[in-house]
Amino acid sequence: MKTPRLPVSPPRAAMRLQGLEGKALVFWSYAQHGERLDLHHGKQGTDGKRESRTFPSAEAAAAFARKQVWARVDKGCWSSDLAFESTSWAQVKDSVQVPGNSEQDEDRVLVLTGDVVVPHDLWLDFRRGIFAQDDPDAEPFTGLLVRGNLTVEGCVFNGENDFGPFLQVDGNLVATSIAIGGSRLRVRGDVTTGDFVAVYNHGSVSVGGGLVARTIASDYTLKVEGPVDAYRYQGQGSKVFAVSGGVEDTQDPYEVKGVFLPAVVSSERVLLDKARKQLAVGKPISRPEFTSIRAAFRQFVSKKMAEPDKVKSLTLDSKGLTSLPDDLFLFRRLEKLSLRSNELRTLPETLGQLTELRELDLRSNGLLALPESMGALKKLRVLNLETNCLWRLPDSLAECVELREVNLVNNPYAYLRRAFGAWSKVRFMWELPEVLTRLPKLEVLKFEGTPLRSLPTRRFDSTVLKTATVRRSLVTQVDPELHDQLDVDVASSPQNAAAYIGYWFKPENVRLDHIHDVKTGRYDFTEVIALLGLLLRLNIPTAAPYGGALEKFRLQSEDIAWTMDRAGSSAHHVRALFVALGDALGPLGEPHPGNALIAGLRDIFSVHARRGT
C-alpha cells in the first residue's frame, strides 16, 4: 500500500489574512521572531492595532499562531496572497466539468491562475470565507476554478450536505485532508490527501488521474479514472478494504474500528458527518496503525490456544472471515460456535471434526452451500442458517439425529449477487429440501422469504414437530393431508413474487458503469439480462394475473432511467439499456408464449427505449 506523501511545509514565519466582518474588509497578520509574535489587525485601509506577545518557546509561539489562523479562517478569513479574479459563469462554463447546479450565465465564479498554495483550510460553503460577499443580497459565487495545481495546507471542507460551491482544479490537488458534502469536486489530474470523507449523495467527486489517500470514507462512489490507493470504507456498515493500484484486497478486510478512531465509529459504522467535523477542526479520524480482521482474529485465538480442550464456546461474529482458519479445528470440544455476520460462502469438510457441537450459528454470511461432513455433527441440536444464499442442503444432514431447530429465514438474503459473484450464477431453493423431513427429533423449522415453489412429497418423520412455518414463499398449492404438519401462507404468493422486482431491479443494481465501458464505448448487457431472467422465473406463473408485477416493473424502470440520466446527458445510455431489455424478452419469453407479463414488459421497456427522441 502506498502512503500519501503530503508536502511538509515548515512553520510559516509570517502570514496575513483578510476577510469580511459585515461589509467591512478586515485584516489580521502575525510575524514570528523566535519566542515572540508580532500581531497586527484592524480594518483594511487603516493603521490597525499592533501588539507583541512573548511565549515560553518558539514552538509555543508557532502553536498559538496556528490556532489563531484556524480560528480566523473558521470565521471566514483567507490568505491575502491569494489573487482571486471574478468572472461570469458564461465565460467559464465550457471549461468547467462538474454536474450542473442550475447555474445562470450571469452567476459569478472565482478564478485562481497558476500553481496555487492555500496556507490554511479551504472552505467550500456559500457566503463563507473566500465566497463571502460585502452585499448580502448579491447572488453567491457559484464555485472556484483553479487553472493550475492546487496545494491546500489544511482541509478542503464543505459543511452542507445538500449544496455548496464547486471546486475544479485543472491540475493536481494536494490537501492535508478533504471533507465535503454537497459540493462538487472535479480534479483533472491526481489527488493526494490524508483522510478523505464524502458525506451524502448530493455532491460529487470526479478525479481524472489517480487518487492516493490514507483513508476514504464515503456513502457514495467517487469517480476516479486512474488508480486508487487507500483504505476504503463505502458506507452502509461495510468493511474497510485496502485498495492498491485500484485493486481491492477482499481477502483481508478490516473492521471500521481497526482503521478509524472510536470518536467516529458507532455500531460497526463510520459516522461520516462526525468524521467530517473532526477533520474540519484538524483532529485525526484514523488510527496511527491499522489492524485487519485476520490479524485481530489471530490475536483473539492465540489467547485460547494455550488450552484448546477447555474451550467449549467460541464467538467469531463480524470478523470478516472469508474462510475458516485451520486453528479453529484444534478446538475439538467446542459445543457452541457462532460465525454470524462474516463473508463465508462455503465451509470446509473439516467442519465435521467438531463432533461435540450442539449449536452452530451461521447467520448473515451469504453461504451458498454446506459441506457433506455436516452428517458427522451427530450431537448438533440448533442450526441457524438465516440470511444466507443456500439453494440446497446436503443429504448427510439426515444423520444429524439430535437436530431440534433449523432456521432458513431469508435465503437468499439481499446481497445475493455479491454472494454468487454474478446474476448469471444465482441459484434458488425452489423446493423445500426433503432431507429435513428425515430428522427424527425436529421441533422447529422456519422458512420465510425463500422462493419455495413446492413442498416435500413425504411427511416429516418427527413426532415432536411443534412449529413448521413457510412464509413469504411462492407456494400456491398445499395438500391438506400430506402437509398438515406445515403452516403455509399461500394467499400472498403473487405479492411475494412481485416483491423481488422491487428488491433487485433498482438503480444500484442496474448502473451505467455495469453496462457501459467508458474507455471502449462498448455496452455489455449480459448481467442485467440475467437479472431480468431471474425475475421472470420468480414471477411466472406465480404472480398471475401480473398486475402487481407489472406495476413494480414500471416504477423500478422509471427510477432506473431517471437515476441513469439524472444530469440530462445520458438519454442515449437509457435508450440502449431498454432496447436491449426489450430484445431480451424474445428468447426469455419463448417458454411462455402469449404470457401477459412478457407482453406488458414490452410496453414498459419501449417507453424508455424512446427516451429523449
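So, here is what we can say about the structure in this document. (Residues numbered from 1 in each chain as written. Predicted model: local features only at pLDDT ≥ 70, side-chain atom pairs only at ≥ 80, totals over all residues. Heavy atoms only, no water.)

## Some words on the overall build of the chain
Okay, step 1: From N to C terminus, the chain includes 11 helices and 32 strands.
Okay, step 2: With the C-alpha coordinates aligned to their principal axes, the bounding extent of the chain is approximately 100 × 70 × 40 Å.
Okay, step 3: For the chain, long-range pairs separated by at least 24 residues make up 47% of all intrachain contacts whose partners lie at least 6 apart in sequence.
Okay, step 4: For the chain, the exposed area adds up to about 28,400 Å²; of that, 48% sits on carbon and sulfur atoms. (Helix = DSSP H or I, 4+ residues; strand = E, 2+ residues; numbered from the N terminus. Contact = heavy atoms within 4.5 Å. Areas by Shrake-Rupley, 256 points an atom, 1.4 Å probe, with all protein chains shown as cover.)

## Describing the nonpolar core
Okay, step 1: Membership of the largest hydrophobic core comes to 51 residues, with the highest contact counts inside it found for Leu393 and Leu436.
Okay, step 2: In this structure Leu436 touches Leu393, Leu397, Val406, Leu408, Leu442, Leu445, Phe447 and Phe460, once residues within four positions along its chain are discounted.
Okay, step 3: Trp423, Phe525, Ala561 and Val574 belong to the second largest nonpolar core, which has 48 residues in total. (Core = buried A, V, L, I, M, F, W, Y, C linked by side-chain atoms within 4.5 Å. Buried < 20%, exposed > 50% of the residue type's maximum accessible area, 1.4 Å probe, protein only.)

## Considering the sheet that holds strand S5 (residues 78-79)
Okay, step 1: Judged by pairing direction, the sheet is antiparallel, and its 5 strands sit side by side in the order S4-S3-S2-S1-S5 without closing on themselves. With one partner strand each, in any of the chains shown, strand S4 (49-54) and S5 form the two edges of the open sheet.
Okay, step 2: Relative to S5, strand S1 (residues 14-21) runs antiparallel, the two being bridged by 2 bridges. Each bridged residue has a counterpart across the sheet, and for Leu17 the counterpart in S5 is Ser79.
Okay, step 3: Packed onto the sheet, helix H1 (residues 58-74) meets S1, strand S2 (24-33), strand S3 (36-43) and S4 and runs at close to 165° relative to S2. (Pairing = 2+ DSSP bridges. Axes fitted to C-alpha atoms, helices over the stretch in contact; angles between N-to-C directions.)

## Points about helix H8 (residues 526-539)
Okay, step 1: Across its 14 residues, H8 extends 20 Å between first and last C-alpha, which sits within 8% of the 20 Å expected from 1.5 Å per residue.
Okay, step 2: Taking burial as the measure, the 14 residues of H8 include 10 buried ones, the bulk of the element.
Okay, step 3: Every buried residue of H8 is accounted for by Val528, Ala530, Leu531, Leu532, Gly533, Leu534, Leu535, Leu536, Leu538 and Asn539. (Expected span 1.5 Å × (residues − 1).)

## Things to note about the environment of Val146
Okay, step 1: Along the chain, Val146 turns up in strand S10 (residues 143-147).
Okay, step 2: Looking at Val146, the relative accessible area reads 0%, which means it is buried.
Okay, step 3: Separated by 192 residues in the primary sequence, Val146 and Ser338 have C-alpha atoms spaced 54 Å apart.
Okay, step 4: Ignoring anything within four residues of it in the chain, the contact list for Val146 reads Leu112, Gly114, Val116, Leu167, Gln168, Val169 and Asp170.

## A look at the sheet that holds strand S25 (residues 313-315)
Picture the strands of a sheet paired through backbone hydrogen bonds; they go either parallel or antiparallel.
Okay, step 1: Pairing is parallel across the open sheet formed by 8 strands, whose spatial order is S25-S26-S27-S28-S29-S30-S31-S32. Edge strands, defined here as strands with exactly one partner in the open sheet, are S25 and strand S32 (487-488).
Okay, step 2: As paired strands, S25 and strand S26 (residues 336-338) are joined by 3 bridges and run parallel to one another. Bridge pairing in S26 places Ser313 opposite Lys336.

## Remarks on the side chain of Ser177
Okay, step 1: Mapped onto the secondary structure, Ser177 falls in strand S13 (residues 173-180).
Okay, step 2: Residue class for Ser177 comes out buried when judged on its relative accessible area of 6%.
Okay, step 3: Filtering out sequence-adjacent residues up to four positions away, Ser177 remains in contact with Gly154, Cys155, Val156, Thr193, Gly194, Asp195 and Leu279.

## A closer look at the packing of helix H10 (residues 571-589) against helix H11 (residues 596-609)
Okay, step 1: Between H10 and H11, the shortest axis-to-axis distance is 8 Å and the interhelical angle comes to 160°. Relative to H11, the element H10 is oriented roughly antiparallel. The two elements H10 and H11 meet at a crossing, and its hand is left-handed. For the pair H10 and H11, contact is made by Val574, Arg575, Phe578, Val579, Leu581, Gly582, Leu585, Gly586 and Gly589 and by Ile598, Leu601, Arg602, Phe605, His608 and Ala609, respectively.
Okay, step 2: Per-class residue counts for the contact of H10 with H11 are 9 nonpolar, 4 polar and 2 charged. (Parallel < 35°, antiparallel > 145°, perpendicular 65-115°, else oblique. Left-handed = near helix turned anticlockwise from the far one by under 90°. Nonpolar A, V, L, I, M, F, W, Y, C, P; charged D, E, K, R; others polar.)

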